[in-house]
Amino acid sequence: MDDFFGIPAPLLFGQLLLGLINGAFYALLSLGLAVIFGMLNVINFTHGAQFMLGAFVAWLLLNFLGLGYWWALLLAPLIVGAFGVVLEKTMIARLYKLDHLYGLLLTFGVGLIIEGLVRNEFGSSGLPYRIPPELSGAWDLGFMFMPVYRGWVVLVALVACIATWLVIEKTKIGSYLRAATENPALVQAFGVNVPRMMTLTYGAGVALAAFAGVLAAPIYSVNPQMGSNLIIIVFAVVVIGGMGSILGSVITGFGLGIVEGLTKVFYPEASATVIFVVMAIVLLTRPAGLFGRA
Amino acid sequence: MLDKKGAEPLLKVRNLEAWYGESHALHGVSLDIHEGEVVTLLGRNGAGKTSTLRAIMGLVGRRSGSITYEGREMVGLRSDLIARSGIAYCPEERGIFASLDVTENLLLPPAVRPGGLSVDEIHTLFPNLKERARSPGTKLSGGEQQMLAIGRILRTGARLLLLDEPSEGLAPVIVQQIGKTIRELKARGFTVLLVEQNFRFAQTVADRHYVMEHGRVVETVANADLNSSLDRLHEYLGV
Ligand SMILES: Nc1ncnc2c1ncn2[C@@H]1O[C@H](COP(=O)(O)OP(=O)(O)OP(=O)(O)O)[C@@H](O)[C@H]1O
Ligand SMILES: [Mg+2]
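Rules used throughout
- Residues numbered from 1 in each chain as written.
- Chains lettered and ligands numbered in written order.
- Predicted model: local features only at pLDDT ≥ 70, side-chain atom pairs only at ≥ 80, totals over all residues.
- Heavy atoms only, no water.
- Helix = DSSP H or I, 4+ residues; strand = E, 2+ residues; numbered from the N terminus.
- Buried < 20%, exposed > 50% of the residue type's maximum accessible area, 1.4 Å probe, protein only.
- Contact = heavy atoms within 4.5 Å.
- Areas by Shrake-Rupley, 256 points an atom, 1.4 Å probe, with all protein chains shown as cover.
- Lys, Arg positive; Asp, Glu negative; His and termini not counted.
- Charge placed at Lys NZ, Arg CZ, Asp CG, Glu CD.
- Near = heavy atom within 4 Å.
- Polar contact = N/O pair within 3.5 Å; in protein donor to acceptor, adjacent residues only side chain to side chain.
- Nonpolar A, V, L, I, M, F, W, Y, C, P; charged D, E, K, R; others polar.
- Donors = N, O, S within 2.8 Å, 3.2 Å for Na, K, Ca; no water.
- Patch = residues over 30% accessible without salt bridge, like charges linked within 9 Å, V, L, I, M, F, W, Y side chains within 5 Å.
- Salt bridge = Lys/Arg side-chain N within 4 Å of Asp/Glu carboxyl O.
- Pairing = 2+ DSSP bridges.
- Buried area = accessible area lost by both parts, 1.4 Å probe.
- Expected span 1.5 Å × (residues − 1).
- Bend = angle between axes of the 7 residues up to and from the residue.
- Arc of directions from axis to C-beta.

A. Spotlight on the overall build of chain B. Of the regular secondary structure elements, chain B holds nine helices and ten strands. Taken over the C-alpha atoms alone, chain B extends approximately 45 × 40 × 40 Å along its principal axes. When each of the 239 residues of chain B is scored for burial, the buried share is 56%. Sequence-distant contacts, at least 24 apart, represent 69% of the contacts inside chain B between residues at least 6 apart. With the model as given, the accessible surface of chain B reaches about 9,700 Å², and the carbon-plus-sulfur share is 49%. Taking the average location of the 29 positive side-chain charges in chain B and that of its 29 negative ones, the two points are 3 Å from each other.

B. Region of interest: the site of ligand 1. Residue and element names in this part refer to chain B. The full set close to ligand 1 counts 14 residues, and Gly46, Lys49, Thr50, Ser51 and Gln197 are the nearest of them. Here a nitrogen atom of ligand 1 sits 3.4 Å away from a polar atom, N or O, in the side chain of Ser23. Every element with two or more residues in the shell around ligand 1 is listed here: strand 2 (23-33) and helix 1 (49-57). Among the elements that line the shell around ligand 1, the one with the most residues is helix 1, at three residues. Each residue belonging to the shell around ligand 1 can be placed in one class, and the counts come to three nonpolar, seven polar and four charged.

C. A look at the coordination of the magnesium ion (ligand 2). Residue and element names in this part refer to chain B. Bound to the magnesium ion (ligand 2) are the protein donor atoms Thr50 (OG1) and Glu92 (OE), situated 1.9 to 2.4 Å from the metal. With a gap of 42 residues between them, Thr50 in helix 1 and Glu92 in the loop between strand 6 (87-90) and helix 3 (102-107) connect regions that are remote in the sequence. Since its relative accessible area comes to 22%, Thr50 is described here as partly exposed.

D. A nonpolar patch on the surface, seen in detail. A cluster of nonpolar side chains, Leu98, Leu101, Tyr102 and Leu105 of chain A, forms an exposed patch at the surface whose accessible area comes to about 400 Å². Mapped onto the secondary structure, Leu98 of chain A falls in the loop between helix 3 (69-90) and helix 4 (100-122).

E. Expanded view of the sheet that holds strand 2 of chain B. Residue and element names in this part refer to chain B. One open sheet holds the four strands; their spatial order is 2-1-4-5, and the pairing between them is antiparallel. Because the sheet does not close on itself, it has two edges, and the strands there are strand 2 and strand 5 (72-73). Bridge count for strand 1 (residues 11-20) against strand 2 is eight bridges, and the pairing is antiparallel. Each residue of the ladder has a partner; that of Ala18, found in strand 2, is Leu26.

F. Spotlight on the side chain of Glu115 of chain A. Residues and elements named next belong to chain A. Note on placement: Glu115 falls in helix 4. Looking at Glu115, the relative accessible area reads 13%, which means it is buried. A distance of 3.2 Å separates the side chain of Glu115 from the side chain of Ser228, its partner in a polar contact. Apart from residues no more than four positions distant in its own chain, Glu115 is found in contact with Met52, Pro224, Gln225 and Ser228.

G. View of the interface of chain B and chain A. Taken residue by residue, the interface counts 23 residues in chain B and 17 residues in chain A. Between chain B and chain A, roughly 1,700 Å² of surface is buried when both sides are summed, and carbon and sulfur atoms account for 59% of that area. At the surface where chain B touches chain A, the tally comes to one salt bridge. Linking chain B to chain A there are eight residue pairs in polar contact (both at pLDDT 80 or more). Elements with a contribution of two residues or more to the side of chain B that touches chain A: helix 2 (79-84) and helix 3 of chain B. Per-element tally for the side of chain B that touches chain A: the top contributor is helix 2 of chain B, with four residues. Residue composition of the side of chain B that touches chain A, by class: 15 nonpolar, three polar and five charged.

H. Layout of helix 9 (residues 226-241) of chain A. All names here are of chain A. With 16 residues, helix 9 should reach 22 Å at 1.5 Å per residue; the first-to-last C-alpha distance of 23 Å fits that figure. Of all the bends in helix 9, the greatest measures close to 25° and is centred on Ile232. Taken across its 16 residues, helix 9 has twelve buried, putting it largely inside the fold. The complete set of buried residues in helix 9 reads Met226, Gly227, Leu230, Ile231, Ile233, Val234, Phe235, Ala236, Val237, Val238, Ile240 and Gly241. Elements in contact with the buried residues of helix 9: helix 1 (9-40), helix 2 (47-65), helix 8 (194-216), helix 10 (246-266) and helix 11 (274-285).

I. Layout of helix 11 of chain A. Residue and element names in this part refer to chain A. In a regular helix each residue adds 1.5 Å, so twelve residues correspond to 16 Å; helix 11 covers 17 Å between its end C-alpha atoms and thus fits that length. Buried residues of helix 11: Val274, Ile275 and Val282, and no others. Viewed end-on, helix 11 has its buried residues packed into an arc of 95°, placing them on one side of the element. Of the surrounding elements, those touching the buried residues of helix 11 are helix 1, helix 9 and helix 10.

J. Spotlight on the pattern of salt bridges. Inspection of every chain in the model, using the stated rule, returns twelve salt bridges over all chains. With its nearest N and O atoms 3.2 Å apart, the salt bridge here joins Glu115 of chain A to Arg119 of chain A. Here Glu115 of chain A pairs with Arg119 of chain A, and both are found in helix 4, just four residues apart, close to one helical turn. The partner of Arg188 of chain B in a salt bridge is Glu121 of chain B, with the nearest N and O atoms 3.2 Å apart. Here Arg188 of chain B, found in the loop between helix 7 (172-187) and strand 8 (191-195), pairs with Glu121 of chain B, found in helix 4 (residues 119-125); they are 67 residues apart in sequence, far enough to count as distant. Overall, the relative accessible area of 36% leaves Arg188 of chain B in the partly exposed class. Under the relative-accessibility criterion, Glu121 of chain B is labelled partly exposed at 31%. Linked through salt bridges whose partners overlap, the residues forming this network are Glu121, Glu184 and Arg188 of chain B.

Here it is as structure tokens:
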């Protein structure tokens, strides 16, 4: 177990782990996008900013209220999700009757505004956020050291993805959600308050982004552009997986993280572009995405 | 049944107009349905039958006039609130959800009042739905999908059922089963507004018929008088 194809095992597994971690964020973020798109038919371009807000709220909670990581994991999604609810009710909801493009432009604009405001307030150099003591340190796996926090992120992201999938596929609320994705008018004519469901779905998708933001805070420095850097790749992941497919976005997210990690090992020059190459190939051969319905 | 003059109708529609965007589909529909009646809307393609049901349900772009249910004005209400007051709708295209299995489809509409049928009772009416409980809704045959579309609105406690062409495109034996179901529902005290093109079928289930043309009700015929009015009806229905 020393090397594979001439690649030292620690390097290979180190990159695989990094790939898995990135994949965890891709999966969490594209999952939120898929849920929002399925229900609201809006491509939420504010998603990156909401991810970043999650990390900033965690930082603010710690530095102004003394509430640490575990509180942040609970509160930041609620706070940022509530902001999402307000955004949906006051602005996005007005655009449902119009072309997709308006929702896209609005959420893109709001994302830029949030990012600008945060940059004005906190600068762009980044704020430190410490790994909670319970999760610091590393495990010696024999062939490599595995930082505990990274293992935690992968695990939690997986659990969050599976939980979201279970809610959507196996619960009553999930059946409303799936039905309303197909035919919102009919679901409403059965007596379901669909506008409120859309608001809450948006809030939940945003909360998921903020949750990912809190997870990311100790790994990446907390800075205003942390979301926009990531979200470009996430949109590629969404396109590859197929817009609106829940399971597709999770599998594609983790899968592409790993592909990216392996590319760093075997052909580092392409590691920054491999996802976009995959996207181009998928678009050419399966325009609806790997898991999308044509 | 025609002369329930004393009682206030369960559903009273007056001068109902409806638009889809710029297109003006209903031009002043008026009709009454009394508790426990089965009433049909007959008329050619495009006469406005579906639009009448959709307008009652709040599913058209814009509507005016008056719709009172149990004495309450509904014309300005959102469709979920209309459903919650006890009206249920079975659309012409059936509206079975592909991403839900048969049981999920059946359980989807929330209960709006007490007194709906239990799932067991619905399975007794439509045994196929029990056998195919785990199939995706749209994998059912046309007849089974129709049973599912009717079955799922019986659970909710709604007392007025709006059924849009439940016999359309189905084999005669299934049409008979649907007819039997509608008579059974009437016996259980449901009130039904049924859209039909097939007035042979309508005749076997209804107390009364409204004939529509160009977005208006142009005739009312008691079921007993249907045969003597056949010539006139043929003209309206173009059969
Ligand atoms: N979604 C829509 N947008 C625009 N116009 C519509 C729409 N639906 C129906 N119409 C128009 O409204 C009128 C009434 O249509 P409606 O569907 O109510 O007729 P119908 O009596 O149910 O006919 P059918 O027997 O074919 O089902 C028609 O002229 C139709 O073209
Ligand atoms: Mg019709």
